[in-house]
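# A look at the structure
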Amino acid sequence: MTTHLTHLQRLEAESIHILRETLAEAERPVMLYSIGKDSAVMLHLAKKAFYPAPPPFPLLHVDTTFKFKAMYALREKAAREAGMELLVWQNPEAKAAGINPFDHGSAVHTDLWKTQGLKQALDHYGFDAAFGGARRDEEKSRAKERVFSFRGAGHRWDPKAQRPELWRLYNARHARGESIRVFPISNWTELDIWQYIHQEGIEIVDLYLAAPRPVVDYNGLMIMVDDDRFPLKDVTPTVKSVRFRTLGCYPLSGAVESTATTLPQVIQEMLLTTTSERQGRAIDHDQAASMEKKKQEGYF
Amino acid sequence: MTNGFAPDPLIAENIEAYLEAQQTKNLLRVITCGSVDDGKSTLIGRLLYDSKQIFDDQLSALEADSKRVGTQGQNIDFALLVDGLAAEREQGITIDVAYRFFATDRTKFIIADCPGHEQYTRNMVTGASTADAAIVLIDARKGVLTQTRRHSYLAKLIGIHHVVLAVNKMDLIGFDQAKFDAIVAEYRAFAAEIGLADVAAIPISGLGGDNITEPSPNTPWYTGLPLLRWLENVEVAADADLARPFRLPVQWVNRPNLDFRGFAGTISSGRVAPGDAVRILPSGRTTSVARIVTLDGDKASAGAGEAVTLTLADEVDCSRGDVISIADAPPQVADQFEATLVWMADEPLLPGRSYLLKLSTQTVTVTVQPPKYQINVNTLEQLAAKSLDLNAIGVVELTTAAPLVFEPYADSRELGGFILIDRISNATVAAGMLHFALRRSQNIHLQATDVGRDAHAALKNQKAAVLWLTGLSGAGKSTIANLVEKRLHRMNRHTFLLDGDNVRHGLNKDLGFTDADRIENIRRVGEVAKLMTDAGLIVITAFISPFRAERQMVRDMMAPGEFIEIHIDTPLAEAEARDVKGLYKKARAGQLRNFTGIDSPYEAPESPEIRIDTTAMTADEAAALIVERLIG
């Protein structure tokens, strides 16, 4: 059938609707911003939703202090250009204990900096609605996640307390102490994200494009040595042409060998590739259904 | 079967050209209906697999899982691809709506995977509410079952116009055409009965991949399209909405500075262009569209499904919840409706209780009458019902506290579909579809009077108020209420005492003590109290009024600050020990049913204006305290 809107236009309209609906119904919304490609798309959609006003809520980066340097640089620039306030939260306990992925492992590192840090930040600022860039195609258990995900006291996710979502109707009402995580790009796939970034000319961290970078083999992943905190011991980094499919903490984000130096080439590789996006993430390999467990604990 | 969707050669040859071609892709939402036994998860897993949405690492995990917990022996169990939550995987059933994505070169699909279990009407209605098309899946060995009828009825109820019957497991009946034809004939007869026209039917095998992406060599007698090709030809519902009159429910008013006032929302139907004459509902004011504003520059026109920001030529009142419509064909405005309700909560519908109704961007309080009838989704019989339980569907009349801008659901999902929200828990308890406005709501208008409520109170030299005493039977409500009135009377205040027992001898003598009757009892008392405050009186009431929701309902009827909730707080043991009327003894002996505190709950106020601890003060001290708080 021919149609008056393309699939990207429909996805865009749905996301804008969700952003506006949340703003209208929540008391104090915030947009979680991780500087990755999904965050970049979500931020772009927010600019469109509220234009000519700047998005009427702050950006919050729950920082682990181990992101790539290039990500920190883009973070400041993106917030400034959007005309939004940027809040950065670093878990003071994790900071005091010097938590890092090398000595404490990915599970402890992620839990303290990200999961606990996020809860602390939301409580600290009193946000009752937080936009997140999660997508349903990322992982099996996410297919059943609502667009509006309810968290009770202590940010716990209870599968039984989730509300049915009909039509374009979202029920955002909640009692004090409860909060909502809102996922405006739930229905986008990785390919949609890349196509949209290409179509709209959205700025992303250049780590997504292939370039010669120093990498080492670390826990089975190809890890880029981004600063001198990496415990090199006897290994010498090799310079390879690599790019990243997902970006998080640099010691936990596996690179893939690639020669794709333009967005269309990245999309081309993606369409011809044979491994899924989350495979480059250390935290998913811990155990089956691990995202499910993390979600119940309050991880995004 | 081989992979039906090998990568397009264009991807490798000329990615730019490929991306260009992808720009025209459509988006279609589909719901699959059927039970685990019909092979639904297998079909969806097959669609993902054949459209190359499964990667090698997922495939190796799948192969390992298939051998460990699969039901297909050494073969790949596609169903494991789509079973999500950990607990469900162990139980071997899917228990909620899951959304999956896959794409062909022409269309991106969002599939709502809904469980076919007996008790999950709620999930199917949820998944179907956004669907453009429905796949009704049946097992070729079993034919049309009760659940097939149920799924089809629900698809029809929710307004899905494109339904395809997928007769699965054809491999297990040897691709027998006669058996297929018989099943289709039986189904079509039923479909016609419920008003589903133009049902397509396709013989498939999810396991083997027959007639999924390509015509199967096993069914040379079948000349129709394979399932995916059929889906690619379905018209998107939003495109059908383009031909209807323009409507934009306002979500948010955009006021970045004094010079700009934009109205943001998603166009639910029709098209709009600058210069179009529009009407704002419910006010009825008219103006015209000035601009369609976007980040990428102003647009010359926009249509159904687009999220836009409009500016208007004149400074007219317009806020969230209003609907901007084409001027000469506006939607209706009313406050009484007939509707179909699908109940989605464990706690049943309480007729008379006030809920919140959210329709598009409008949220109002609403009360629901007892159902006219309930529908048995298996037999389609109409049954008498006093309430609606989880997964029940019924036809009801409802009254909203403020007028709603609406259209019948058959015309507009956006302006005819609504949800009900519990006011205490905030849970979504029901989904509903408006049929039509009741004539009487268009004929009864509020009569404006010249001597207003403030004038009534001023003449009495007082401020009207409701002193609402709530508490267990025997807590001391009537005693304290009586003392309060005596004190106020001595102070020349004009008062009236409404007492539970007295009202039940007259106004409410037709009511008993079921939850529904208790709610109606309080509603009537609330309305009487409201009339009395309009007359300028200080009203004192003494009712157990056990439910928070009804006390909230009465609070909402009154002007802000007029409702003073007073919790006469006496522990159950204390009230039972006093047992002035001997009622607790009777209740304990089983001679009195639905007695508050014994076999019917009392929901204590969470933050009453005044709390009286009767174990710490006398009735007279309590009355003095209340009067002091009122008069100051």
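Bear in mind that the values here come from a model prediction, so they are computed numbers and not experimental data. (Residues numbered from 1 in each chain as written. Chains lettered and ligands numbered in written order. Predicted model: local features only at pLDDT ≥ 70, side-chain atom pairs only at ≥ 80, totals over all residues.)

## Remarks on the overall build of chain B
Which entries qualify depends on this criterion: For helices the rule is a DSSP run of H or I covering at least 4 residues; for strands it is a run of E covering at least 2, with both sets numbered from the N terminus onward. By the convention adopted here, residues make contact when the C-beta atoms placed from their backbones lie within 7 Å.
Along chain B, the regular secondary structure elements total 21 helices and 28 strands. Across chain B, every contact between residues at least 6 apart in sequence was considered, and the portion connecting residues at least 24 apart equals 72%.

## Here's the deal with the overall build of chain A
Quick reminder of the rule: Exposed residues have 12 or fewer other C-beta atoms within 10 Å of their own C-beta, buried residues have 20 or more, and residues in between are partly exposed; the C-beta atoms are placed from the backbone.
The number of helices and strands found in chain A is eight helices and ten strands. Among the 300 residues that make up chain A, the fraction classed as buried is 53%. In chain A, once contacts between residues fewer than 6 apart in sequence are set aside, the share between residues at least 24 apart is 76%.

## Notes on the environment of aspartate 454 of chain B
Residues and elements named next belong to chain B. Note on placement: aspartate 454 falls in helix H14 (residues 453–459). Taking the number of C-beta atoms within 10 Å as the measure of exposure, aspartate 454 has 13 and is therefore partly exposed. As a C-alpha pair, aspartate 454 and cysteine 318 span 136 residues in sequence and 29 Å in three-dimensional space.

## Some details on the sheet that holds strand E27 (residues 563–569) of chain B
Residues and elements named next belong to chain B. As a reminder, the rule being used: Paired strands, in this sense, are two strands between which DSSP finds at least two bridges. Fitted lines through C-alpha atoms give the axes, limited to the stretch in contact for helices. The angle between two N-to-C directions lies from 0 to 180 degrees.
With parallel pairing, the five strands of this open sheet are ordered in space as E25-E26-E24-E27-E28. For this open sheet the edge positions go to strand E25 (495–499) and strand E28 (610–613), each flanked by a neighbour on one side alone. Mean inter-strand twist for the sheet, computed between neighbouring axes without regard to direction, equals 15 degrees.

## Some remarks on the pairing of strand E4 (residues 133–139) of chain B
All names here are of chain B. Burial analysis of E4 places six of its seven residues in the buried class, the great majority of the element. Two elements, strand E1 (residues 26–33) and E4, share four bridges in a ladder whose sense is parallel. If you follow threonine 32 over to E4, its bridge partner there is isoleucine 135. Note: E4 against strand E5 (residues 162–168), seven bridges, orientation parallel. When the bridges of E5 are listed, isoleucine 135 appears paired with valine 164.

## What about the environment of tyrosine 222 of chain B?
Residue and element names in this part refer to chain B. In this fold, tyrosine 222 is placed in the loop between strand E6 (200–203) and helix H10 (227–232). Along the sequence, tyrosine 222 and proline 203 sit 19 residues apart, while their C-alpha atoms lie 7.7 Å from each other. Apart from residues lying up to four places away in sequence, tyrosine 222 is in contact with Pro203 and Asn211.

## Examining the packing of helix H17 (residues 515–534) of chain B against helix H18 (residues 548–557) of chain B
All names here are of chain B. To keep it simple, the criterion reads: For classification purposes, an angle smaller than 35 degrees is called roughly parallel, one larger than 145 roughly antiparallel, one from 65 to 115 roughly perpendicular, and anything else oblique. Handedness of each helix crossing follows the sense of rotation of the near helix against the far helix: counterclockwise by less than a right angle gives left-handed, clockwise gives right-handed. Side-chain classes follow a simple rule in which Ala, Val, Leu, Ile, Met, Phe, Trp, Tyr, Cys and Pro form the nonpolar group, Asp, Glu, Lys and Arg form the charged group, and the remainder, Gly included, forms the polar group.
Interhelical geometry of H17 versus H18 gives an angle of 20 degrees and a closest axis separation of 10 Å. Relative to H18, H17 is oriented roughly parallel. Judged by the twist between their axes, the crossing of H17 over H18 is right-handed. On the side of H17, the interface is formed by Ile519, Ile522, Arg523, Gly526, Ala529 and Lys530, while H18 contributes Glu550, Met553, Val554 and Met557. Residues of the contact of H17 with H18, tallied by class, amount to six nonpolar, one polar and three charged.

## A short note on the interface of chain A and chain B
The interface of chain A with chain B comprises 55 residues on the first partner and 63 residues on the second. Elements with a contribution of two residues or more to the side of chain A that touches chain B: helix H1 (7–25), helix H2 (37–50), helix H6 (190–200) and helix H7 (263–272) of chain A. Broken down by element, the side of chain A that touches chain B gets its largest block of residues, ten residues, from H1 of chain A. Of the residues in the side of chain A that touches chain B, the class split is 23 nonpolar, 18 polar and 14 charged.

## Concerning the confidence of the model for chain B
All names here are of chain B. Inclusion rule: The score called pLDDT rates the predictor's confidence residue by residue, from a low of 0 to a high of 100.
In this model, chain B carries a mean pLDDT of 85, and residues with pLDDT of at least 70 account for 89%. Confidence, expressed as mean pLDDT per element, reaches its minimum in chain B at helix H6 (residues 86–91) with 48 and its maximum at strand E7 (residues 247–249) with 97. pLDDT under 50 marks residues 1–5. Its contacts with residues more than four places away, or in other chains, come to 13 contacts. Low confidence marks residues 89–94, where pLDDT is under 50. Its contacts with residues over four positions away, or in another chain, come to nine contacts.

## Thoughts on the packing of helix H7 (residues 121–128) of chain B against helix H8 (residues 146–157) of chain B
Residue and element names in this part refer to chain B. The interhelical angle for the contact between H7 and H8, taken along N-to-C directions, is 40 degrees, at an axis separation of 10 Å. Comparing their axes, H8 and H7 come out oblique. Along this stretch, H7 crosses H8, giving a crossing that reads as right-handed. Contact residues: Thr121, Met124, Val125 and Ala128 in H7; His151, Leu154 and Ala155 in H8.

## A look at the sheet that holds strand E3 (residues 107–113) of chain B
Residue and element names in this part refer to chain B. Spatial ordering of the open sheet is given by E2-E3-E1-E4-E5-E6, a layout of six strands whose pairing is mixed. The sheet is open, and its two edges are formed by strand E2 (98–103) and E6, each paired on a single side. Here the strands of the sheet are splayed against their neighbours by 25 degrees on average, with no regard to which way each runs. Across the sheet, helix H3 (residues 40–50) touches E1, E2, E3, E4 and E5, and the angle it forms with E2 is around 35 degrees.

## Quick notes on the confidence of the model for chain A
Low pLDDT marks stretches whose predicted atomic positions should not be read closely. This prediction gives chain A a mean pLDDT of 85; 89% of its residues lie at or above 70. Low pLDDT (under 50) marks residues 282–290 of chain A, which in the prediction has 13 contacts with non-local residues, meaning those over four places away or in another chain.

## Thoughts on unusual backbone geometry
Between tyrosine 51 of chain A and the following residue, proline 52 of chain A, the backbone shows a cis peptide bond with an omega angle of 5 degrees. Turning to its location among the elements, proline 52 of chain A is positioned in the loop between H2 and strand E2 (59–62). With omega at 5 degrees, the peptide bond leading from leucine 281 of chain B into proline 282 of chain B counts as cis. For asparagine 461 of chain B, which is not glycine, the phi torsion reads 55 degrees and is therefore positive. Backbone geometry places asparagine 594 of chain B, a non-glycine residue, at a positive phi of 55 degrees.

## Points about the nonpolar core
In summary, soluble globular proteins display a tendency toward joint burial of nonpolar side chains. Selection criterion: Residues enter a nonpolar core if they are buried, belong to Ala, Val, Leu, Ile, Met, Phe, Trp, Tyr or Cys, and are joined to the set through C-beta atoms within 7 Å.
In this structure, Met31 of chain A together with Ala134 and Leu467 of chain B are the most contacted members of the largest nonpolar core, which totals 241 residues. Counting residues per element, this core draws most heavily on H2 of chain A, which supplies eight residues.

## Regarding the environment of isoleucine 393 of chain B
Residue and element names in this part refer to chain B. Following the sequence through the fold, isoleucine 393 ends up in strand E21 (residues 393–406). On the neighbour-count criterion, isoleucine 393 (22 C-beta atoms within 10 Å) is buried. For the pair isoleucine 393 and isoleucine 375, spaced 18 residues apart in sequence, the C-alpha to C-alpha distance is 5.6 Å. With near-sequence residues (within four places) excluded, isoleucine 393 lies in contact with Thr121, Thr340, Val342, Gln374, Ile375 and Val377.

## A few points about the pairing of E5 of chain B
Residues and elements named next belong to chain B. Basically, it comes down to this: Whether a crossover is right-handed comes down to one check: with the strands pointing away from the viewer, does the path from the first strand over the helix to the second run clockwise; if it does, it is right-handed.
Burial within E5 is extensive, with seven of its seven residues counted as buried. By the alternation rule, side chains of E5 split into His162, Val164, Ala166 and Asn168 and Val163, Leu165 and Val167, which are all buried. Once the chain exits E4 it traverses H8 before rejoining the sheet at E5, and the crossover so formed is right-handed. Handedness of the crossover is the feature at issue here: the chain leaves E5, passes through helix H9 (residues 177–193), returns alongside E6, and the resulting connection is right-handed.

## Some remarks on H7 of chain A
Listed as buried for H7 of chain A are Leu263, Val266, Ile267 and Gln268 of chain A. Along its buried surface, H7 of chain A packs onto H6 and strand E9 (238–244) of chain A together with helix H1 (9–13) and helix H2 (15–22) of chain B.

## Regarding helix H5 (residues 101–125) of chain A
Just so we agree on the cut-off: Multiply 1.5 Å by the residue count of a helix minus one, and that product is the helix's expected span.
Across its 25 residues, H5 of chain A extends only 27 Å between first and last C-alpha, which sits more than 12% below the 36 Å expected from 1.5 Å per residue. Directly after H5 of chain A, the chain includes glycine 126 of chain A, whose backbone phi takes a positive value near 70 degrees.

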